[in-house]
Amino acid sequence: MKAKELERVRAEQVSQAVDRLIRDPEAMPVPLDPEDAGLVDTARRLAHLPALLGPVDPVLERQVMSRVQGAKQRRKRPFRPVWAAAGVAAALLLVLLITPLGQTAIAGFLGVFHLGRTQVQVTQGGTPTATARAAVVRETLSLEDAQARLPFAIPQPAYLPAGYDLQQVVGYTYPDLPAWLPQPFFVELLYADASGASCTLRVYPITVGEEASIAQLNLATTSFEEAKEVQVQGQPAMLLRLGDGSGRSAWREIVWEYGDLILALSASDLTEAELLQVAGSVQ
Amino acid sequence: MGQADDYTDLYREYLPRILNFVRLRVDGEDLAQDLAAAVFERAVAKQHTLRDPAAFGAWLFRIARNVVAGYYRKRRLTVPLDHASAHPVANPSPPEAVMHQEELRQVREALAQLSEREQEIIQLKFGGGLGNQEIAEVMGLRAGHVAVILYRALRKLRADLEKE
């Protein structure tokens, strides 16, 4: 028998054995060519995939079956304008709850700031639990190593307060994100002086991989006093002032788009004017 | 063609199979659930295009393939990062070593080494529970060709998984 024909015959036999295993992962193997017997063990591992992946979330099942039943009902019922109006009203109410561009946010309100291609959503809540956070790996790198591993040029401020130097570069890798995502996903540059006063610049790519882009950066904080629109290098930016409720500001952070990047500059030891000056010098 | 009632049970039967196929095609449970829901949304909307009720499975999985392909063409990410300057992102506690999660990881890594077509056939076979003839209808191949691709993919997977 020619090799191709032999392969076809063996492939059919293995397929039958595989289908039997899928129906019953504990089924006894059927006799196969000794060379293919190991494939049955592999197929047995794969046949357990549904069990490994877990059951359907009851919420998803309800959602899907609700759609199925709803479609059946719609085939029987004519269009009801009053339901459409109620749906639109509910959607508008949701939109109004979101703070529009430029409006000062008060602690506890949800704020969305449009920077251009992206937007920043500011939320206030308790400190996220470990289970709520994505798994992250922080890695200290030299600036050269970080630059070599990243698909974008790392910008840096041309102006820094007296005594500030680049102290550390940290790459953040998220192992649970899709494999096609270039990692480290973003880098953080820490600048500080001898007294420990510091500022931090985080650099995120807007475009990731070949077909994806960041649409929104979620800024979560336990307390903030003010969020407002500012400008950095002629670009819309968001300035966030974080506080502890006492009226003394703890941190300031500016987020803006710089070419194909999102930059977030934060510090507790700089005034708003100084922070804006540093941000404006980034190149 | 049967009434919509006839398909309710089929939709319910195929939901876990569609979900598992999508889970193997994308990363992240939330995304998989969103895409699976989208598959059924589209199926319900296009139910009138189903000519042969006996081909429901292949028809539904063709929709699932298209939904996943559409996602990969137009994806945009919402960065789900806790970025609070006053609370620097802490190192997470090491993930609990759960045997079945490790097994799933090994299988996913091995699958990622296959060609796109080999991956899809494995995902339709083991995630979706489809026979070779159904896979052939979904992917526009001959059943015999599906068997050969499956055979070759299993050989590659065996070699990879035995290394672990």
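Residues numbered from 1 in each chain as written. Chains lettered and ligands numbered in written order. Predicted model: local features only at pLDDT ≥ 70, side-chain atom pairs only at ≥ 80, totals over all residues. Heavy atoms only, no water.

### Observations regarding the overall build of chain A
Alright, step 1. From N to C terminus, chain A includes seven helices and 12 strands.
Alright, step 2. Within chain A, buried positions represent 41% of all 283 residues.
Alright, step 3. In chain A, of all internal contacts separated by at least 6 residues, the share reaching a separation of at least 24 is 51%.
Alright, step 4. For chain A, the exposed surface amounts to about 14,700 Å²; the carbon and sulfur share of it is 56%. (Helix = DSSP H or I, 4+ residues; strand = E, 2+ residues; numbered from the N terminus. Buried < 20%, exposed > 50% of the residue type's maximum accessible area, 1.4 Å probe, protein only. Contact = heavy atoms within 4.5 Å. Areas by Shrake-Rupley, 256 points an atom, 1.4 Å probe, with all protein chains shown as cover.)

### Overview of the side chain of Thr 200 of chain A
Alright, step 1. Relative to the helices and strands, Thr 200 of chain A resides in strand β6 (residues 198-205).
Alright, step 2. Under the relative-accessibility criterion, Thr 200 of chain A is labelled buried at 13%.

### Notes on the packing of aromatic side chains
Residues and elements named next belong to chain B.
Alright, step 1. Counted by the stated rule, this structure contains 10 aromatic pairs over all chains.
Alright, step 2. For the pair Tyr 7 and Phe 56, a centre-to-centre distance of 5.7 Å together with 15° between the ring planes defines the contact as stacked. Within this pair, whereas Tyr 7 is found in helix α1 (residues 4-25), its partner Phe 56 is found in helix α3 (residues 56-74), the two being separated by 49 residues in sequence.
Alright, step 3. Overall, Tyr 7 belongs to the buried group, its relative accessible area being 1%.
Alright, step 4. By relative accessible area, Phe 56 is classed as buried at 1%. (Phe/Tyr/Trp six-rings, centres within 6.5 Å; stacked < 30°, edge-to-face > 60°.)

### Side note on the packing of helix α5 (residues 116-127) of chain B against helix α6 (residues 132-139) of chain B
Residues and elements named next belong to chain B.
Alright, step 1. For the pair α5 and α6, interaxial distance at closest approach is 10 Å and the crossing angle is 130°. Between α5 and α6, the angle is such that the two are oblique. α5 and α6 meet at a crossing whose hand is right-handed. Here Arg 117, Glu 120, Ile 121, Leu 124 and Lys 125 of α5 come into contact with α6, specifically with Asn 132, Ile 135, Val 138 and Met 139. (Axes fitted to C-alpha atoms, helices over the stretch in contact; angles between N-to-C directions. Parallel < 35°, antiparallel > 145°, perpendicular 65-115°, else oblique. Left-handed = near helix turned anticlockwise from the far one by under 90°.)

### What about the pattern of salt bridges?
Residues and elements named next belong to chain A.
Alright, step 1. The full count for this structure, using the stated rule, is 21 salt bridges over all chains.
Alright, step 2. A salt bridge links Arg 149 to Glu 139; its shortest N-O distance comes to 3.0 Å. On the criterion of sequence distance, the pair formed by Arg 149 in helix α6 (residues 143-149) and Glu 139 in strand β3 (residues 137-141) is long-range, its members being 10 residues apart.
Alright, step 3. Among the residues examined, Glu 139 registers a relative accessible area of 30% and is labelled partly exposed.
Alright, step 4. The partner of Glu 272 in a salt bridge is Lys 228, with the nearest N and O atoms 3.1 Å apart. (Salt bridge = Lys/Arg side-chain N within 4 Å of Asp/Glu carboxyl O.)

### Some thoughts on the nonpolar core
Alright, step 1. Counting residues in each nonpolar core, the largest one holds 72 residues, and the members touching the most others are Tyr 11, Ile 18, Leu 60, Ile 122, Phe 126 and Leu 154 of chain B.
Alright, step 2. In terms of nonpolar packing, the next biggest core, distinct from the first, is built from 29 residues, Ala 146, Phe 152, Leu 189 and Val 278 of chain A among them. (Core = buried A, V, L, I, M, F, W, Y, C linked by side-chain atoms within 4.5 Å.)

### Here's the deal with the confidence of the model for chain B
Alright, step 1. Looking at chain B as a whole, its pLDDT mean stands at 82, while 79% of the residues score no less than 70.
Alright, step 2. In the model, residues 1-5 of chain B has pLDDT below 50 throughout and makes 11 contacts with residues more than four positions away in sequence or in other chains. (pLDDT = per-residue confidence, 0-100.)

### Points about the pairing of β6 of chain A
If a strand is regular, its side chains alternate between the two faces of the sheet.
Residue and element names in this part refer to chain A.
Alright, step 1. With eight of eight residues buried, β6 is to be regarded as a mostly interior element.
Alright, step 2. Burial along β6 is two-sided: Ser 198, Thr 200, Arg 202 and Tyr 204 and Cys 199, Leu 201, Val 203 and Pro 205, pointing in opposite directions, are all buried.
Alright, step 3. In this structure, strand β5 (residues 186-192) lies alongside β6, joined through six bridges in antiparallel fashion. Bridge pairing links Tyr 191 to Cys 199 in β6.
Alright, step 4. Once β5 ends, the chain turns through five residues before running back antiparallel as β6, passing Gly 196 with a positive phi of about 100°.
Alright, step 5. Looking at chain direction, β6 and strand β12 (residues 261-267) are connected through seven bridges and run antiparallel. Bridge pairing links Val 203 to Leu 263 in β12. (Pairing = 2+ DSSP bridges.)

### With respect to the confidence of the model for chain A
Residues and elements named next belong to chain A.
Alright, step 1. Chain-level statistics for chain A give a pLDDT mean of 77 and a share of 73% at 70 or above.
Alright, step 2. Helix α7 (residues 272-280) holds the highest mean pLDDT among the elements of chain A, 93, whereas helix α5 (residues 81-97) holds the lowest, 37.
Alright, step 3. Under a pLDDT of 50 for its full length, residues 126-133 has, in the predicted model, seven contacts with residues more than four places off or in other chains.

### What about the side chain of Glu 7 of chain A?
Alright, step 1. Along the chain, the position of Glu 7 of chain A falls in helix α1 (residues 3-23).
Alright, step 2. Take Glu 7 of chain A: its relative accessible area is 18%, and that puts it in the buried class.
Alright, step 3. Setting aside its immediate chain neighbours within four residues, Glu 7 of chain A contacts Val 148, Tyr 151 and Arg 152 of chain B.

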